[in-house]
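If you want the building blocks of each chain, they are given just below.
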Amino acid sequence: GERKSATQLASMLDLVKKKKFASLEDIWDNEGLSKNEVKRRIKAIKRWEAEMAAPALAAIAAKDSVLRCIHFGSCSGCSAEVALDDTPIMQEAKGFFSNLLPEPLKI
């Protein structure tokens, strides 16, 4: 296809920001792109928007969290967000070590 000018690209980006996907479809239709290619591009833009928005939303949520991890909920690394010093594994560890330590050092 023909290379876009900076003005054309800025105009298309503005349409994306305003979520005017029908206008983008019209532009691409006029350029002779197939319906499948137009759908693929719109889908890719929407996926990109979601990926760009996710970290910002996670950062906002992390501020209200004890864990303060922007990845909590989107990865499998953590299973607790509150009472981090009282998780099942911490309870198990305290029980194990409390039996090993002498009385004055009990946990």
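Each value, and the rule that gives it
Residues numbered from 1 in each chain as written. Predicted model: local features only at pLDDT ≥ 70, side-chain atom pairs only at ≥ 80, totals over all residues. Heavy atoms only, no water. Helix = DSSP H or I, 4+ residues; strand = E, 2+ residues; numbered from the N terminus. Polar contact = N/O pair within 3.5 Å; in protein donor to acceptor, adjacent residues only side chain to side chain. Axes fitted to C-alpha atoms, helices over the stretch in contact; angles between N-to-C directions. Contact = heavy atoms within 4.5 Å. Nonpolar A, V, L, I, M, F, W, Y, C, P; charged D, E, K, R; others polar. Phe/Tyr/Trp six-rings, centres within 6.5 Å; stacked < 30°, edge-to-face > 60°. Buried < 20%, exposed > 50% of the residue type's maximum accessible area, 1.4 Å probe, protein only. Lys NZ or Arg CZ within 6 Å of the ring centre and 35° of its normal. Salt bridge = Lys/Arg side-chain N within 4 Å of Asp/Glu carboxyl O. Patch = residues over 30% accessible without salt bridge, like charges linked within 9 Å, V, L, I, M, F, W, Y side chains within 5 Å. Areas by Shrake-Rupley, 256 points an atom, 1.4 Å probe, with all protein chains shown as cover. Core = buried A, V, L, I, M, F, W, Y, C linked by side-chain atoms within 4.5 Å.

**Considering the side chain of S98**
Piece 1. Inspection of the secondary structure puts S98 in helix α4 (residues 88–100).
Piece 2. A polar contact is formed between the side chain of S98 and the backbone oxygen of G95, at a distance of 3.0 Å.

**So, the packing of helix α1 (residues 6–17) against helix α2 (residues 21–30)**
Piece 1. Where α1 contacts α2, the axes come no closer than 9 Å and their chain directions differ by 145°. Seen from α1, the contacting residues are M12, L15 and V16; seen from α2, they are S23, L24, I27 and W28.
Piece 2. Of the residues belonging to the contact of α1 with α2, the class tally is 6 nonpolar, 1 polar and no charged.

**Side note on the packing of aromatic side chains**
Piece 1. Counted according to the given criterion, the structure contains 1 aromatic pair.
Piece 2. Relative to F97, the ring of F96 lies with its centre 5.1 Å away and its plane at 80°, an arrangement referred to as edge-to-face.
Piece 3. The class for F97 is partly exposed, based on a relative accessible area of 41%.
Piece 4. Lying over the aromatic face of W28, R41 brings its terminal NZ or CZ to 5.1 Å of the ring centre.
Piece 5. The positively charged end of K46 is found above the aromatic ring belonging to F21, 4.8 Å away from the centroid.

**Structural notes on the pattern of salt bridges**
Piece 1. In this structure the tally under the stated criterion is 4 salt bridges.
Piece 2. A salt bridge links K18 to D14, with the shortest nitrogen-to-oxygen separation between them at 3.1 Å.
Piece 3. A salt bridge links R41 to E37, with the nearest nitrogen and oxygen atoms 3.1 Å apart. Taken as a pair, R41 and E37 lie in helix α3 (residues 35–63) at a separation of 4 residues, close to a single helical turn.
Piece 4. Given a relative accessible area of 26%, R41 falls into the partly exposed group.
Piece 5. According to the relative accessible area criterion, E37 is partly exposed, its value standing at 21%.
Piece 6. Here the salt bridges do not stand alone but share partners, grouping E37, R40 and R41 into one network.

**Re a nonpolar patch on the surface**
Piece 1. On the surface, F96, F97, L100 and L101 cluster together to form a nonpolar patch covering roughly 390 Å² of accessible area.
Piece 2. Note that L101 resides in the segment after α4.
Piece 3. Exposure remark for L101: the relative accessible area of 31% places this residue in the partly exposed category.

**Some details on the nonpolar core**
Piece 1. One finds M12, L15, V16, F21, L24, W28, V38, I42 and I45 forming the largest nonpolar core, which totals 9 residues.
Piece 2. Sorting the residues of this core by element identifies α1, α2 and α3 as the ones contributing at least two each.
Piece 3. Each residue touching M12, except ones within four places of it in the same chain, is listed here: K4, L24, I27 and W28.

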